[in-house]
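Summary of structural features
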Amino acid sequence: MKAITFTDTHGSFTMKQPENTNYLYFPLASEAGLKSSVTPNLGGDAKTDQETFLLEPVSSENLHNNRSTRNFFFVTYDAKVYSATGVSAGQENARFSPSQDESELNAGFMWHTIKRVSKSSPLLETVITSFVPKDDNAEIMYVTVRNLSNQELSLTPYAAIPIYGRSADNIRDHRNVTSMLHRIKTTENGVLVRPTMSFDEKGHRINHKTYYVCGFTAKGQGPEGFFPTVEEYIGEGGTFTHPRAVVEKRPGVPSFSVAEGREAMGAFCFQNITLLPGDQAAYIILLGVEEEENRIEEICQKYNTEKKTADALAQTKAHWQDKVSVGFHTGDKDFDCLMKWVCFQPFLRRLFGCSFLPHHDYGRGGRGWRDLWQDCLSLLLMEPQDVGQMIEANYGGVRIDGTNATIIGDGSGNFIADRNGIARVWMDHALWPLMTTKLYIDQTGDLDILLKEAPYFKDAQAMRGTGIDTLWSADSGSRQLTNKNEIYTGSILEHLLIEQLAAFYDVGDHNIYRLRGADWNDALDMAAEKGESVAFTCAYAGNLRDLASLLLLLDSATDHHKVELLEEISVLLTDDQAVYDDIDKKRRILEDYSTRCRHAVTGNRRTFYLSALAANLSKKADWLTAHVRSQEWIDGKEEEGWFNSYYDNHGRAVEGFFGDQVRMMLTGQVFAIMGDVAENEQTSRIVKAADHYLYQKEVGGYRLNTDFKELKFDMGRMFGFAYGEKENGAVFSHMTVMYANALYRRGFVTEGWKALKTLADTALNFNTSHIYPGIPEYFRADGRGMYHYLTGAASWFMMTMITEVFGVHGDNGALMIAPKLLAEQFDDQGTVSITVPFAGKTFTVVCQNKSGKDFGDYTMESALCDDTVLPVRDNASALLSRELLDSLPDGAHRIIVNLI
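The structure reproduced in this document is the subject of the present report.

Cut-offs applied
- Residues numbered from 1 in each chain as written.
- Predicted model: local features only at pLDDT ≥ 70, side-chain atom pairs only at ≥ 80, totals over all residues.
- Heavy atoms only, no water.
- Axes fitted to C-alpha atoms, helices over the stretch in contact; angles between N-to-C directions.
- Helix = DSSP H or I, 4+ residues; strand = E, 2+ residues; numbered from the N terminus.
- Parallel < 35°, antiparallel > 145°, perpendicular 65-115°, else oblique.
- Left-handed = near helix turned anticlockwise from the far one by under 90°.
- Contact = heavy atoms within 4.5 Å.
- Nonpolar A, V, L, I, M, F, W, Y, C, P; charged D, E, K, R; others polar.
- Core = buried A, V, L, I, M, F, W, Y, C linked by side-chain atoms within 4.5 Å.
- Buried < 20%, exposed > 50% of the residue type's maximum accessible area, 1.4 Å probe, protein only.
- 1 Å grid on protein atoms, 1.4 Å probe; cavity = no way out; pocket = protein on both sides within 12 Å on 5 of 7 lines; lining within 4 Å.
- Points joined across faces, edges and corners; volume = space filled by probe spheres on them.
- Patch = residues over 30% accessible without salt bridge, like charges linked within 9 Å, V, L, I, M, F, W, Y side chains within 5 Å.
- Areas by Shrake-Rupley, 256 points an atom, 1.4 Å probe, with all protein chains shown as cover.
- Salt bridge = Lys/Arg side-chain N within 4 Å of Asp/Glu carboxyl O.
- Pairing = 2+ DSSP bridges.
- Disulfide = S-S within 2.5 Å.
- Phe/Tyr/Trp six-rings, centres within 6.5 Å; stacked < 30°, edge-to-face > 60°.
- Lys NZ or Arg CZ within 6 Å of the ring centre and 35° of its normal.
- Polar contact = N/O pair within 3.5 Å; in protein donor to acceptor, adjacent residues only side chain to side chain.
- Expected span 1.5 Å × (residues − 1).
- Arc of directions from axis to C-beta.

1. Regarding the packing of helix α19 (residues 733-745) against helix α20 (residues 749-764)
Direction vectors running N to C along α19 and α20 enclose 160 degrees, while the axes themselves pass 7 Å from each other. By the angle between their axes, α19 is roughly antiparallel relative to α20. Here α19 runs over α20; the crossing is left-handed. Residues Ser733, Thr736, Val737, Tyr739, Ala740, Leu743 and Tyr744 of α19 form the contact with α20, whose own contacting residues are Val749, Glu751, Gly752, Trp753, Ala755, Leu756 and Leu759. Split by residue class, the contact of α19 with α20 holds ten nonpolar, three polar and one charged.

So this is what it looks like as structure tokens:
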């Protein structure tokens, strides 16, 4: 029997006894800012940002250590205590015994329900549904209790939620001192905490936030008594699992009481109730944080009855189901439901950033540069309306030297320097903007975005992170200025050219792009001097080709045949094979350009033909391809082979045969294939080598690298990790999905599907992965999914399924359908389908494969959009022109593709 069963087509699922698995947590969030995590026992935390934690911050180990969790108790007349969350001393003691409660989890997008049935007196069924309404900073616990016995029961309900109410930094920085700042009061409905200040020895700040826990009966009645401090609640010698206020049925203090300088507790008791056999009662608990105290009363009025809460829950479910506008139908219903969660994960990433879930216990919130662009990929496929403006704003983070800001500020187009002023350059950062912009143009046909103007980011960092601009100060602002002290703006095309061209000249001793602070693999962070990334040299070769194609498209499809660019760029457009071969000359060109732009730019422009620029980029791409092929290929055994991915800080190639040891990394193979550096024959040999040395089906598929058996600290911190953990040889979902994407692009469909399916099968196998549905950041050595939900792999998985597997993608604004499907993916009727938004409409594309053939064997016989026959190209693809798309009415449309 499967541990997790899907209950509808939206991915909602159920699971028995979830508390018997450690490290499970579930995300809840609003678009207003509240971010929560809940465990099967309602552990976890809630916060709006690093400085504003409503509940105590938790890391993964706290999930089974902490007992200061959300709780709701029922106490009988004879003092028997039952926790609706399972967190009482008696219920903890009964765990793994015949007396353990029966429990069942049901969950879907942004809602989480845990039902418990007691096996001993009092015989109760309790249900707690937790959710966060989309527009409010309030987490709601909707609690019901039913009498399962054959006699009436007298119960006293107690809600108990510890209020942390301060910065996450205060966990180890003045935890006790900051409790002295608390000013606590009880109201008719709950407990409010307003600290006097935010404690920070670098500069204290007056606090304006109020944290609260309020409660109501089904009909809107408030509590009877309150326990506003931890000490009053647990009592002397008590604990959170055996609180004296509950076990001794203490009455608490009345409304309008105050307390100061203590750890706060959102605890209170309701009026005693009597339930006849089968009778039910309900309670609503609201917890949140607000700037204005009167806003708390508004929240209470909005959700203070059972009906209002039930309506809000239904609206929350409908909102997030509508958001996930992509749907799949294949022969594997579990896979289809998993894909719903994969498509939901990018929304979680935008809300949570890269922090704020229990495994993601680092950073201070927000997203980095790479995240910003990759998350746009999913938006383009699900919510494309405002992406063009977002892309334009994002280019304001590019520096004039081709590097970029690495931390995203609040709001669109707001960028700040890296934490602590660290001058760190990730050499892959210039790759992602072009990938995203190309997808945007493919999906929309908006070539004119290349000509839109954007400013450049400016701070003290200069010379691609190797120098400081001593003339710059914070008062100068964060925009690049000209010699006339005017803000300089350039076209998005100019930004792209600077990013790609500057990187071309930033090479190491092997004429390969320097690794700098790291690349996509952040853990390759100890080779800044001599390190080189062959992997991303291949990726940039592909980028140069793509940018050249966009230039030719702009030249042919519009009236624009020339473009004005900043005159300083001219030096980067050197078109001389001898220069490309000469490392010193390339470095001097880069130094010349960076020096000219160290502080200000002239603002003068020169005119260039688009066709000439395209030829220039293509020549550079061809040189890179030939150079990598001739220098980095490793011949293996039995028709195997692969590319070296890196050089370490001693200038040595890191991959190959070292005695009886084989060293291979997946990253270099991914981008050699994706960037068209690997020839088809080489790609076949790479696949064989990857299957031999990296593939391990039972733990998720393709590992990131073989075991180097060395603490290789001339490369990065990853080699300090145990093998099979995180970047050192785990199955890293993001790189595996990009490997699949690269294989699909090159026509290696069976091989690409193997990578995707193994990831999906492992995620769905709860006995191995131990995670709720979705794709984690990685699968560790034993197959357990780690760092769930907040991974860029989800965007790439979704994009690969839509644009490559189903082959539904834009082509300069037209809709192309070129499926690369295998017979095993079709249902019993020989049918698969996908529903996607495109051009303001919704399309369901149905592929019929009655003959049960694989890609490569079938041909496309016909394609119909509603009643319109679509042209079929080369028996392989159909196209809906932009004119046809624009003529279709808004709403849903159906495309039938017949494969024979």
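So that's the structure; there's more coming.
2. Re the nonpolar core
Within the largest apolar cluster, 256 residues are counted, with the highest numbers of intra-cluster contacts made by Phe671 and Phe797. With residues near it in sequence (within four places) discarded, phenylalanine 671 still touches Leu431, Trp432, Ala535, Phe536, Cys538, Ala539, Met735 and Met738. One finds Ile140, Tyr212, Phe216 and Cys300 within the second-largest nonpolar core, a separate group that totals 16 residues.

3. Topic: empty space enclosed by the protein
Leftover empty space is mapped by rolling, across the atoms, a probe with the size of a water molecule. Summed over the entire model, instances satisfying the criterion amount to six cavities of 30 Å³ or more. Of the pockets and cavities examined, the largest cavity occupies roughly 160 Å³. Considering the residues around the largest cavity, the lining is formed by 20 residues, among which Thr403, Val425, Trp426, Met427 and Arg464 are closest to the centre. Taken together, the residues of the lining of the largest cavity break down into seven nonpolar, six polar and seven charged. In this structure, the second largest cavity spans a volume of roughly 90 Å³. Forming the walls of the second largest cavity are Tyr23, Leu24, Tyr25, His359, His770, Ile771, Tyr772, Arg784, Gly785, Met786, Tyr787 and His788. Looking at the lining of the second largest cavity residue by residue, the classes come out as seven nonpolar, four polar and one charged.

4. Some points on a nonpolar patch on the surface
On the surface, Met526, Leu711 and Phe713 cluster together into a nonpolar patch covering about 290 Å² of accessible area. Structurally, methionine 526 is set in the loop between α12 (492-505) and β31 (532-533). With a relative accessible area of 34%, methionine 526 lands in the partly exposed category.

5. Observations regarding unusual backbone geometry
Between serine 121 and proline 122 the backbone carries a cis peptide bond, its omega angle lying at 0 degrees. If you check the backbone angles, lysine 249 has positive phi at about 50 degrees while not being a glycine. Judged by its relative accessible area of 30%, lysine 249 is partly exposed. Phi is positive for glutamate 638, close to 50 degrees, though the residue is something other than glycine. Relative to the assigned elements, glutamate 638 resides in the loop between β34 (633-635) and β35 (641-643). Relative accessible area serves as the criterion here: at 71%, glutamate 638 is assigned to the exposed category.

6. Focus on the pattern of salt bridges
Counted by the stated rule, this structure contains 64 salt bridges. Linking lysine 307 and aspartate 311 is a salt bridge whose minimum nitrogen-to-oxygen distance equals 2.9 Å. On the criterion of helical spacing, the pair formed by lysine 307 and aspartate 311 is a turn pair, its members being four residues apart in helix α7 (residues 306-323). For lysine 307, a relative accessible area of 60% gives the class exposed. Of the charged contacts, one joins arginine 464 and aspartate 506 as a salt bridge, the two residues approaching to 3.0 Å between their closest N and O atoms. One end of the pair, arginine 464, is in the loop between β28 (461-462) and β29 (467-468); the other, aspartate 506, is in the loop between α12 and β31, and 42 residues separate them in sequence. Overall, arginine 464 belongs to the buried group, its relative accessible area being 8%. A residue is classified by how much of its surface remains accessible, and aspartate 506, at 7% relative accessible area, is buried.

7. Focus: the sheet that holds strand β41 (residues 731-732)
Pairing within the open sheet is antiparallel, and its three strands lie in the order β41-β42-β43. Each edge of the open sheet carries a strand with a single partner, namely β41 and β43 (785-786). As defined by bridge partners, strand β42 (residues 778-779) adjoins β43 across two bridges and the pair is classed as antiparallel. Residue pairing in the sheet places tyrosine 778 in a bridge with methionine 786 of β43.

8. Focus on the state of the cysteines
Two cysteines joined by a covalent bond between their sulfur atoms form a disulfide. A full pass over the atoms with the stated rule returns zero disulfides. Cysteine cysteine 337 remains unbridged, with the sulfur of cysteine 343 as its closest cysteine sulfur at 12 Å. Its relative accessible area of 8% is what places cysteine 337 among the buried residues.

9. Re the pairing of strand β44 (residues 808-811)
Of the two faces of β44, the one holding Val808 and Gly810 is buried and the one holding His809 and Asp811 is not buried anywhere. Alignment of β44 against strand β45 (residues 814-817), held across four bridges, turns out to be antiparallel. When the bridges of β45 are listed, histidine 809 appears paired with methionine 816. Two successive antiparallel strands, β44 and β45, enclose a turn made up of two residues, where asparagine 812 displays a positive phi of approximately 50 degrees.

10. A few points about the packing of aromatic side chains
Here the structure, examined in full by the defined rule, presents 45 aromatic pairs. With a centroid separation of 5.8 Å and an interplanar angle of 10 degrees, the aromatic rings of phenylalanine 732 and tyrosine 778 are classed as stacked. One end of the pair, phenylalanine 732, is in strand β41; the other, tyrosine 778, is in strand β42, and 46 residues separate them in sequence. With respect to burial, phenylalanine 732 and tyrosine 778 carry one shared label: buried. Chaining the aromatic ring pairs together yields one cluster made of Phe13, Phe26, Phe109, Trp320, Trp341, Phe344, Phe347 and Tyr772. Over the ring of phenylalanine 96 we find arginine 95, and its NZ or CZ is 5.8 Å from the ring centre.

11. Considering the sheet that holds strand β49 (residues 868-869)
Strand order in the open sheet made by the six strands is β24-β46-β47-β52-β48-β49, with mixed pairing throughout. Each of the sheet's edge strands pairs with one partner strand only, and the pair in question is β24 (327-329) and β49. Bridge analysis of strand β48 (residues 860-865) against strand β52 (residues 892-899) gives five bridges, and the strand direction is antiparallel. Across the sheet, residue alanine 863 finds its bridge partner in β52, namely valine 897.

12. Remarks on the side chain of glutamine 500
Checked against the element boundaries, glutamine 500 lands in helix α12. A polar atom in the side chain of glutamine 500 sits 3.0 Å from the backbone oxygen of alanine 430. Residues within four places of glutamine 500 in sequence aside, it is in contact with Ala430, Leu434, Tyr513, Tyr540, Asn543, Leu544 and Leu547.

13. Focus on helix α10 (residues 387-394)
Within α10, the full set of buried residues consists of Val387, Gly388, Ile391, Ala393 and Asn394. Where the residues of α10 are buried, they touch α9 (369-382), β26 (415-416) and α11 (431-444).

14. Digging into helix α15 (residues 583-596)
Spanning 14 residues, α15 covers 20 Å between terminal C-alpha atoms, matching the ideal 20 Å at 1.5 Å per step. Listed as buried for α15 are Ile583, Lys586, Ile589, Leu590, Tyr593 and Ser594. For α15, the arc enclosing every buried residue in end-on projection is 130 degrees, short of the 170-degree limit, so these residues lie on one face.

15. Notes on the packing of helix α8 (residues 333-352) against α20
At a closest axis distance of 11 Å, the pairing of α8 and α20 adopts a crossing angle of 85 degrees. By the angle between their directions, the pair α8 and α20 is classed as roughly perpendicular. In contact with Asp334, Phe335 and Leu338 of α8, α20 contributes Trp753, Ala760, Ala763 and Leu764.

16. Quick notes on the pairing of strand β15 (residues 190-193)
When strand β14 (residues 183-186) meets β15, the two strands line up antiparallel, connected through three bridges. Bridging from a neighbouring strand, threonine 186 pairs with valine 191 of β15. Count of turn residues in the β14/β15 antiparallel hairpin: three residues. Summarising the sheet, β15 and strand β18 (residues 210-217) pair through four bridges and their orientation is antiparallel. Along β18, the bridge assignment pairs valine 193 with tyrosine 211.

All quantities given are derived from atomic positions and should not be read as evidence of function.
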